[in-house]
Amino acid sequence: MRRLPRSLSLTLLSLAAALLLAACAPAPIFKPSANVANVPPETVAQTPERYTGRAVIWGGQVVAVQNMPDSTEIQILGYPLDSSQRPLPNSPVGGRFIAIMRGYVEPLNYPAGALVTLTGHIEGVRVGTVGDASYTFPLVRVDASHVWTAAELRSDKPHVSFGLGVGIIR
């Protein structure tokens, strides 16, 4: 029987390990399509005419929830998303935006500080304030949203371990 060269064996082993770890990453929450604008909120705020009507998949941290007569507006501090579309709060901020949801939304379901991901369409911008500073908020009409639980945020860590003994899974 002929043996593979050592460098080829190591390459194949590395490739197998990478595929195993990649298989542990959760799938994206929302299916991206070709017409999704891959831009941060701050870019849309600067040139809203280029993006009005375009689909986006954005995420971030809930700042505030305000119920209106026919809709709910959620102000979100935008963050980049990982491959599973989870917000990355340790990354540079991508700007704030306002997510507009139909009807009444219970504020306790979107508590301040919660991480969310949503899909929707850009409806334009609105000038408001952050503290005493003027701020231009992109407006997103939400089609679907997801509030991340602590368990989901931890789920990117591979669930692979080697060893002998007794373990407790929490």
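One can find the structure itself at the top, above this paragraph.
Bear in mind the structure is a predicted one, so any value in this text is a computation, not a measurement.

Quick word on the overall build of the protein
Then, number 1: A count of helices and strands for the protein gives 3 helices and 5 strands.
Then, number 2: Put simply, the protein runs from its N terminus to its C terminus through helices and strands in the order α-α-β-β-β-β-β-α.
Then, number 3: Counting all 170 residues of the protein, 32% fall into the buried class.
Then, number 4: The contacts of the protein with a sequence gap of at least 6 include a subset with a gap of at least 24, amounting to 61%.
Then, number 5: When the accessible surface of the protein is totalled, it reaches about 11000 Å², and 58% of it is carbon and sulfur.

Describing the pattern of salt bridges
Then, number 1: Per the counting criterion, the structure on display carries 3 salt bridges.
Then, number 2: The salt bridge partner of Arg86 is Asp82, with a shortest N-O separation of 2.9 Å.
Then, number 3: We classify Arg86 as buried; its relative accessible area is 4%.

Focus on empty space enclosed by the protein
Then, number 1: Taken as a whole and assessed by the stated rule, the structure comprises 1 cavity of 30 Å³ or more.
Then, number 2: In this structure, the largest cavity encloses a volume near 30 Å³.
Then, number 3: Around the largest cavity, the lining residues are Ile74, Ile76, Ala99, Met101, Tyr110, Val116, Leu118, Val142 and Ser145.
Then, number 4: Of all the secondary-structure elements, those providing two or more residues to the lining of the largest cavity are strand S2 (71–79), strand S3 (95–102), strand S4 (115–130) and strand S5 (133–147).
Then, number 5: A per-class count over the lining of the largest cavity returns 8 nonpolar, 1 polar and no charged.

Points about the pairing of S3
Then, number 1: Of all 8 residues that make up S3, 7 are buried, and the element is covered over most of its length.
Then, number 2: In terms of strand pairing, S2 meets S3 through 8 bridges, oriented antiparallel. Paired with Glu73 across the bridge in S3 is Ile100.
Then, number 3: In this structure, S3 lies alongside S5, joined through 3 bridges in parallel fashion. When the bridges of S5 are listed, Ile98 appears paired with Leu139.

Rules behind the numbers
The residue numbers shown here count from 1 along each chain, following its written sequence. Only residues with pLDDT of at least 70 are given local features in this predicted model, and only at 80 or more are side-chain atom pairs given and counted; all residues enter the totals for whole chains, interfaces and linings. Side-chain metrics in this entry use all non-hydrogen atoms of the structure; hydrogen atoms and water are not considered. Numbered from the N terminus, helices here are DSSP runs of H or I no shorter than four residues, and strands are runs of E no shorter than two. A simple rule labels every residue: compare its accessible area, found with a 1.4 Å probe on the protein chains alone, to the largest value its type can have, and call it buried under 20%, exposed over 50%, or partly exposed in between. Only heavy atoms matter for contacts: two residues are in contact if any of them lie within 4.5 Å across the pair. Only the protein chains shown count as cover for residues, and all accessible areas are computed by the Shrake-Rupley method using a 1.4 Å probe. Here, a salt bridge means any Lys or Arg side-chain nitrogen found within 4 Å of an Asp or Glu carboxyl oxygen. Using a grid of 1 Å spacing that covers the protein atoms alone, one calls a set of points a cavity when a 1.4 Å probe fits there but cannot get out, and a pocket when the set is open and has protein on both sides within 12 Å along at least five of seven lines; lining residues are those with an atom within 4 Å of a point. Grid points are joined across faces, edges and corners, and a volume is the space filled by probe spheres set on the points. Here the nonpolar group is Ala, Val, Leu, Ile, Met, Phe, Trp, Tyr, Cys and Pro; Asp, Glu, Lys and Arg are the charged ones; every other residue, Gly included, is treated as polar. Two strands are said to pair when DSSP picks up at least two bridges between them.

Nothing here speaks to function; it is all geometry.
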